[in-house]
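Commentary on secondary and tertiary structure
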Amino acid sequence: MEKIEQPTSEVVITDQERGRWGEDIRGDGVEIEQAEYEFQELTRELSRLSQVQNIRSRASAADDEQSIGFEDKTEQETEGFNLAEWIKNDTEKSAQSGIGLKKIGVCFKNLSVIGVDSGANIVPNVWDAVVDGVGGSLIKWVKSKIPSLRPEVPIRTILYDFNGLVRSGEMLLVLGSPGSGTTTLLKVLTNQREGYASVDGEVLYDGIDHITAKKKYRGEIVFNEEDDRHISTLTVKQTLKFALSLKTPRVRAMGESSKDFVNKLVDLYGKMFGISHTMNTLVSGVSGGEKKRVSIAEVLANRAAIVAFDNSTRGLDSSTAVDYIRSLRILTNLTYCTTIVTLYQAGESLYEEFDKVCLIDSGRQIFFGPASEASAYFESLGFERERLMTTADFLTSITHPAERKIRTGWEGRAPQTPEDLEAAYKASKFYTQTLADVESYETELANTGHETVAQFHQAVQLQKSKTVGRSSPYMVSFFKQVKEIVVRDLQLQWQDQALLKVKVINAIVVAFTFGSLFFNLNLNTSGAYARGGILFFIMCFTSWILQVAAAESISERPLLSKHVGFGMFRKSAYILAKTVADFPIIFSQVALFFVIVYLMVNAHRTAGAFFVCFLFVELNTFMMMAFYRAFAVFCGNVDSCLRYCAIVLNCIYFWAGYVRPASNMQWWFRWFYYCDPVLYSFESILVNEFHGREMKCDTLVPDIEGASLENQACAVPGAVTGRSYVSGEDYLAAQLDFWYVHLWRNFGIILGFFVFFVSFQMIFSEIVNHNSSSAQTKYFTKPPTQEIDSRLKCAELDKKGNSSDGSDEVTKDSSVRGSLFTFRDITYTVPTSDGDKLLLDHVEGFAAPGKLLALMGSSGAGKTTLLNTISQRMSVGVVTGDFKLNGGPLDKAFQRTTGFVEQKDLHEPKQTIREALRFSARLRQPASVTLEDKYSFVEEIIDLLDLRGIADAIIDDVGFGLSVEERKRVTIGVELAARPSILFLDEPTSGLDSEGSFSIITFLRRLALQSGIGIICTIHQPSAVLFSKFDNILLLGRGGKTVYFGPIGENGSVIVGYISRHAKPPRPGDNPAEYILEATGAGATRRSTVNWPQVWRESDEIMQRRREIDILEEEWKQNPPPIREGADSDAEYAAPIFEQIKAVTMRHWLTMWRTPSLGYSFLFAALFTGITGGILFFDLGNSIVEAQDRGFAVYFILLATIPVINSYEIHFINARDLYELRERRAKIFSWVALVTAYILCIIPYLIIGAVLFYPTFWYMTNLPTNSSAAGYGFFMILILFLWNGHIGIFMGGFVPSMNAVGVINPLFFVSSHLTIGISIPYTQMNGFYKYFIYWINPLSWMIRGLFSTAIHGVEINCADTELAVFNPPTGMTCNQYAGEWVHNSTLGVLLNPEATESCKYCQYATGDDFLTSIGFSYSTRWRDLGVSIAFIFLNVVLCYASYYFARECTWIRPGRLIRSFKKLFK
């Protein structure tokens, strides 16, 4: 096993590890011409490789030549790699291959895409779900089948009549604002058509239609989505090896093994992309830029002929983005692939790499043609390009009225609307030329007899395995796919140490709990019932812990879809491989658990019995795992899947014959008993345990001194008169109708069920598609009152606040005096496995009122770390330095009086925009401000941010609902609603196009000038226009060291002048932001020879900045800004605690109301489980077994409420995480308000759930219906529901993570549910459980009260198999012989006292007798009720205590212990 480096906060790259992409030793970036020239030396030899070998090796060799061959000799020798020798050896091996290249382009004609229109959808709530559940869905279905009643599905056109051609070896840049259709175009061009209503027109791949391409060449046409999806617990090398192993060609260089081929290319890709140093690092531990390069390498590992990248520079600094695009340029040139890219913020150096550009405005193609001629075309239409604008920004600005500028004299002539721009393009020479190119291309293909298609097809066939069909899109065989997925899954399971710890701890802790509870069961008849119980719960537990398999199946779908889309493997291969790969871990986990329990409980200790039991437990476990995954195939989300899995699991085990024997089931639902797969496992385990066992009878009846055994019998089912023992097989036959002869028949049935469930998954996973529509749907709480064209609104705002040349017409309000924030000598150190690591190294600066400070630097330099540190949001590590506000120390109110805009845009998903802003204003503005004034200010913010038209829209989860820009505006609005004195923003332009970025930064500029607040903002890829909007810059280098701090100057003149004094000056027209990053060594492969931090420390500028800070601090100290009315600098929170509780409760109530999957699913589960339990225990009789069934019926109530705990625990953990990530840091409200809100919000649902559950369950099972008993039963069930709901909050308070839920929940359920006196009677418990655990368990008191009420006064009528039949001595009647004994005994009844033979004795006369035998009493039921009510209130107290001690308290040892426990699952 390779050593895996754990992630650290910074990665140091040596020169030897660093790869170069055709750049010289000075690190000036990628030189494409040089790389192409170098590559020509390889062309002849490498062209004789196999098609796949050609694409992979040729690209890799060329890039490797650039990365190593043109470094200085010292570096080459140090790495021990000789490029010339490598080429020579590789050429000799491949000289006889002679296979050409894969070269296909993409041609599209009259392409239109129609999607389902989101419209103004009203957010569904619990009531809507209830209406649908009681018949609304049926009515809708009926209407959908009747044409006259069928509602019209709203549709909208996403793309209108697109035409174009991208030849092999060309790069196309697609530009447009988010939502304009750029991603849709890329998806359709790469044959990703799922989720659209229709795709009209033609898309041909050198004449190959989209149907054939999808069927045969899926892996040759690849779409790489914007987000980087990887398995975090795999290393970079394992990720690449997996991709390559599934794309290894059949025909390779002579004598080269597939292993050598994979290793060679992994090594080459590592050097090409500069990620060699990360090969043994987990993907979760690499930086964002490195992860992006891993994604690129994974795509290239597929050796696709057509590749599309969607906004793949998001989150990269400008230098890294340049390197990335230049890398694509080289690969396109050298491998002849067709590359299509969307970029939202493209610098000039990026734009120049593309051959063609396609510009989209609101779904309309307004330009397609040579990239070099696009700017001139739009200038000819009357648009003016500003001096600092890049070509990409200029083109994108054409689609935005707020940003574009019309040349003087063209005001009435330039096209304005998307339709006008489309018409102008179709009247231009570029449209004519595009159609001519398409026609020429088709003619060329026809004249050559589609020769390129034939060559392409031949190359694809040669790379496939011989066992793969000619029409299959996969390269390797089905079993090869299974093998590689198995290897990958074993790797990730082994490397996910946290999860392994969870599983091991889970198995050991629960096993010892089980074993100690049932420790050393006696071998007599008194232990028979408990012996069956422990075997039953062994099976229950091993099945229960596997419910996570269903959740995993759903959570893995996005990555699975990506790999299937790449043509790596089939879904069915993945299903089979997962089953195989899970075998070692699950087998070991179950074995560990089983061995401990089996030996502790004194089960049948023979080798045969042990291994047979072990075999069936393991087989049942794997069968249930297959069942869960088969069930998950049809589930849409994890929450619903887990909830319904729990319900189905309860049904399966309660119908398995132990809780309710088949003989007591109603005939009309007994069929379910025989369909239950667990029945056959349980029968086999029990008959194996009791086979050959002779259980000594503990109590012979009548128990008369001196009585002969011939006149006694054992009061146990299966007993034979005259015997002092009971055969185990007879006992099972009489009690449960289980037979030993069924043992191996059952083995075949269980195995058949396992095969069926796995086959079911494999078949339906290929059929069922869970991909949703690509249309972004917004949900509203009420229909929008007005439709606003956001672009026109932006134009109005632009006219009011901005001039078109980028200058600021808004002047600073001199009457506003904002706050001054300074920070000096800031260091930040975090502990790592290798010791303390310094992330920030003596950084200093200030945020002046009315000014914008930009934090810049390369990826990983520490920009976000610095922002979190100076905003006082760091909770780990050691921070040193001096922070001052207005020249004085920071007070308690600093965090709540400053705003922090998170990069991830964290919000409560079910809030509307207006509600989110009101919530922030209500709790963060001073309490003295009236609520009306706060809400009035919110409306001003809504107008200021152009959110009026969507103010009542649900924010939703990231990727749904609001667009990226809208979500960013909401995040800013939430902070502005608090009227902050300082505003911190982390990457506010990330993921936005140039117009969105311009709009956000311009707005921030205007805000700073008007309100006088200081703004500190991290930024990655600013254009020259955006860069000019900032006043000051703090430039960080690697290691968190300061490179420069000070003014930017007009058009960057000041900082450019400083940098150029120590480096090569910029070229005319260079973007100042890109220049300073490149010059200081930012980017993936660049390094500077200048020690910039040392230069800064020795510069005159640093002394000037320090003097400036001194002057400013003294000035603000002497003349501080006015304190806001009602502001309390000593108060941690602005609002009093009761106001916090009121606001937070309202928010969480609305969240639950708008989450039907939580509220309605719980109510449905309560009703469904009530009906299910009513059917299972329908019309309970009066036999002894059915008296036991009454106990199990009560126990069923416990299991029915388990989904309550799971649902609210998970929901609370999600809310808790949001609170701790954003709201606690901002001091919006306290943890007390959070816990109180949840306690209050779930109560109505719990009450309604109890109301729905009770009548169906209580009355169907024939439990007592008199008012006293029925009322008592309802009240106790209500208490049980309330207790379970609040226990979910209690556990959610201290559980450190979702991983820990898997170990804590099973332990809790085992310890609480098995110690209630049902599965093992109280009288048979071991001492610790009997005298301590039982009495502190709240459920024990509830079950005692319920069970005593359910069975009190019931007359017991023993079934024939339950009677103890004995013969009296000759000449005596049954009454004469045993009457006195029965009279003196407190239990039992003699049924035929006058008989002279076959005396029938029933050991219980009434249900109260049965209660006495298990240690219960009806007389204590009111006491039990009172104690249960007390536990409800205690539970509420524990909710607060668990959260406080686990997550708030830092001064006592329990808190430290819990934090140590958290680290276990980190």
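Residues numbered from 1 in each chain as written. Predicted model: local features only at pLDDT ≥ 70, side-chain atom pairs only at ≥ 80, totals over all residues. Heavy atoms only, no water.

Along the protein, the regular secondary structure elements total 54 helices and 28 strands. Evaluated residue by residue, the protein yields a buried proportion of 60% over its 1466 residues. Here the contacts in the protein between residues at least 6 apart in sequence split such that 79% fall between residues at least 24 apart. Per element, the accessible surface of the protein, about 55,300 Å² overall, is 56% carbon and sulfur. (Helix = DSSP H or I, 4+ residues; strand = E, 2+ residues; numbered from the N terminus. Buried < 20%, exposed > 50% of the residue type's maximum accessible area, 1.4 Å probe, protein only. Contact = heavy atoms within 4.5 Å. Areas by Shrake-Rupley, 256 points an atom, 1.4 Å probe, with all protein chains shown as cover.)

Further remarks concern the pattern of salt bridges. Side chains bearing opposite charge may pair, as long as their charged atoms lie close to each other. Tallied over the full model, the rule gives 53 salt bridges. A salt bridge links lysine 405 to glutamate 384; the nearest nitrogen and oxygen atoms lie 3.9 Å apart. Taken together, the positions of lysine 405 in the loop between helix H14 (391–397) and helix H15 (418–426) and glutamate 384 in the loop between helix H13 (371–380) and H14 put the pair 21 residues apart, joining distant regions of the chain. Residues lysine 480 and glutamate 484 are paired through a salt bridge, measuring 2.8 Å at the closest nitrogen-oxygen approach. Of the two residues, lysine 480 and glutamate 484 are both situated in helix H18 (residues 478–495); the distance of four residues between them amounts to about one turn of the helix. (Salt bridge = Lys/Arg side-chain N within 4 Å of Asp/Glu carboxyl O.)

Turning our eyes to something else, we now look at the sheet that holds strand E26 (residues 1364–1366). Spatial strand order, E26-E28-E27: three strands in an open sheet with antiparallel pairing. The open sheet has two free edges, formed respectively by E26 and strand E27 (1389–1390), since each of these has just one partner strand. One ladder, built from three bridges, connects E26 with strand E28 (residues 1399–1402); its direction is antiparallel. Opposite alanine 1364, over in E28, you have tyrosine 1401 as the bridge partner. (Pairing = 2+ DSSP bridges.)

In total, this model carries 95 aromatic pairs according to the counting rule given. Directly above the ring of phenylalanine 937 sits arginine 979, whose terminal nitrogen or CZ lies 3.7 Å from the centroid. (Phe/Tyr/Trp six-rings, centres within 6.5 Å; stacked < 30°, edge-to-face > 60°. Lys NZ or Arg CZ within 6 Å of the ring centre and 35° of its normal.)

Turning our eyes to something else, we now look at a nonpolar patch on the surface. On the surface, Leu138, Trp141, Val142, Ile146 and Leu149 cluster together into a nonpolar patch covering about 480 Å² of accessible area. By relative accessible area, which is 51% here, tryptophan 141 ends up exposed. (Patch = residues over 30% accessible without salt bridge, like charges linked within 9 Å, V, L, I, M, F, W, Y side chains within 5 Å.)

The subject of this paragraph is the packing of helix H25 (residues 638–654) against helix H45 (residues 1202–1223). H45 packs onto H25 with a crossing angle of 165° between their chain directions and a minimal axis gap of 10 Å. Considering their axes alone, H25 and H45 lie roughly antiparallel with respect to each other. For the element pair H25 and H45, the recorded crossing hand is right-handed. Residues Leu642, Arg643, Ala646 and Ile647 of H25 touch H45, and the partners they reach there are Pro1203, Ser1207 and Ile1210. Of the residues that constitute the contact of H25 with H45, the class distribution is five nonpolar, one polar and one charged. (Axes fitted to C-alpha atoms, helices over the stretch in contact; angles between N-to-C directions. Parallel < 35°, antiparallel > 145°, perpendicular 65-115°, else oblique. Left-handed = near helix turned anticlockwise from the far one by under 90°. Nonpolar A, V, L, I, M, F, W, Y, C, P; charged D, E, K, R; others polar.)

With that settled, the discussion passes to the pairing of strand E25 (residues 1041–1047). Both faces of the sheet carry side chains from a regular strand, because those side chains alternate between them. The buried count for E25 comes to five of seven residues, which makes it a mostly enclosed element. With six bridges connecting them, strand E24 (residues 1032–1037) and E25 associate as antiparallel partners. When the bridges of E25 are listed, isoleucine 1033 appears paired with glycine 1046. The hairpin formed by E24 and E25 contains three residues between the paired strands, and glycine 1039 there has a positive phi angle of roughly 85°.

When pLDDT is averaged along the protein, the result is 80; 86% of the residues meet or exceed 70. Under a pLDDT of 50 for its full length, residues 1–96 has, in the predicted model, 223 contacts with residues more than four places off or in other chains. Contacts of residues 786–816 to residues separated by more than four positions or lying in other chains number 57 contacts, the stretch itself having pLDDT below 50. (pLDDT = per-residue confidence, 0-100.)

Glycine aside, a negative phi is what most residues show, and trans is what most peptide bonds show. A cis amide bond, omega -5°, links valine 701 with the succeeding residue proline 702. Along the polypeptide, proline 702 turns up in the loop between strand E12 (700–701) and strand E13 (713–714). Although it is not a glycine, asparagine 191 sits at a positive phi angle of roughly 70°. Residue class for asparagine 191 comes out buried when judged on its relative accessible area of 5%. Notably, aspartate 825 is not glycine yet its phi reads approximately 50°, a positive angle. Checked against the element boundaries, aspartate 825 lands in strand E16 (residues 821–832).

Now for helix H33 (residues 913–924). Working note: α-helix, 3.6 residues per turn, so residues spaced by three or four point in the same direction. End to end, H33 covers 17 Å across 12 residues, agreeing with the expected 16 Å (1.5 Å per residue, within 8%). Burial of H33 is extensive: 10 of the 12 residues sit out of reach of the surface. The set of residues buried in H33 consists of Ile913, Arg914, Ala916, Leu917, Phe919, Ser920, Ala921, Arg922, Leu923 and Arg924. Each element contacted by the buried residues of H33 is listed here: helix H32 (894–897), strand E21 (898–901), helix H34 (931–944), helix H35 (964–976), helix H42 (1137–1153) and H45. (Expected span 1.5 Å × (residues − 1).)

What follows is about the state of the cysteines. On inspection of all chains with the given rule, the structure shows three disulfides. The partner cysteine of cysteine 697 in its disulfide is cysteine 714, sulfur to sulfur 2.0 Å. Its S-S torsion of about 95° marks the bond between cysteine 697 and cysteine 714 as right-handed, since a negative value means left-handed. Residue cysteine 697 is located in the loop between strand E11 (694–696) and E12, and its partner cysteine 714 is located in strand E13; the two are separated by 17 residues in the primary sequence. For the pair cysteine 697 and cysteine 714, one class covers both residues: buried. (Disulfide = S-S within 2.5 Å.)

Viewed as axis vectors pointing N to C, helix H43 (residues 1156–1176) and helix H46 (residues 1231–1260) meet at an angle of 15°, and their least axial separation amounts to 7 Å. It follows that H43 is roughly parallel to H46 by the angle criterion. In this structure, H43 meets H46 at a crossing whose hand is right-handed. Contacts between H43 and H46 involve Gly1159, Phe1162, Leu1163, Ala1166, Leu1167, Thr1169, Gly1170, Ile1171, Gly1173, Gly1174 and Ile1175 from the first element and Tyr1245, Leu1246, Ile1248, Gly1249, Leu1252, Phe1253, Thr1256, Phe1257 and Met1260 from the second.

Along the chain, arginine 364 turns up in strand E10 (residues 364–370). Arginine 364 sits in the buried class, given a relative accessible area of 15%. Here the side chain of arginine 364 touches glutamate 422 through a polar contact of 2.9 Å, side chain to side chain. Leaving out residues up to four positions away in the same chain, arginine 364 has contacts with Tyr160, Phe162, Leu359, Pro418, Glu419 and Glu422. (Polar contact = N/O pair within 3.5 Å; in protein donor to acceptor, adjacent residues only side chain to side chain.)

Taking 1.5 Å of rise per residue, the 21 residues of H43 would be expected to cover 30 Å, and the 28 Å separating its terminal C-alpha atoms lies within 8% of that figure. Along H43, 15 of the 21 residues are buried, which leaves the element largely enclosed by surrounding structure.

With that out of the way, let us pick up the pairing of strand E18 (residues 852–857). For E18, a buried count of six out of six residues is recorded, marking the element as mostly surrounded by other parts of the structure. Every second residue of E18 is oriented toward a common face, with Leu852, Ala854 and Met856 on one face and Leu853, Leu855 and Gly857 on the other, all of them buried. Pairing between E18 and strand E23 (residues 1014–1018): four bridges, direction parallel. Directly across from leucine 852, in E23, lies its bridge partner isoleucine 1015. Bridge count for E18 against E24 is five bridges, and the pairing is parallel. Paired with methionine 856 across the strands is leucine 1035, a residue of E24.

It is worth spelling out the environment of asparagine 688 at this point. Assignment of secondary structure puts asparagine 688 in helix H27 (residues 677–690). Judged by its relative accessible area of 6%, asparagine 688 falls in the buried class. Separated by 40 residues in sequence, asparagine 688 and glycine 728 place their C-alpha atoms 9.7 Å apart. Leaving out residues up to four positions away in the same chain, asparagine 688 has contacts with His604, Gly608, Ala609, Val612 and Cys613.

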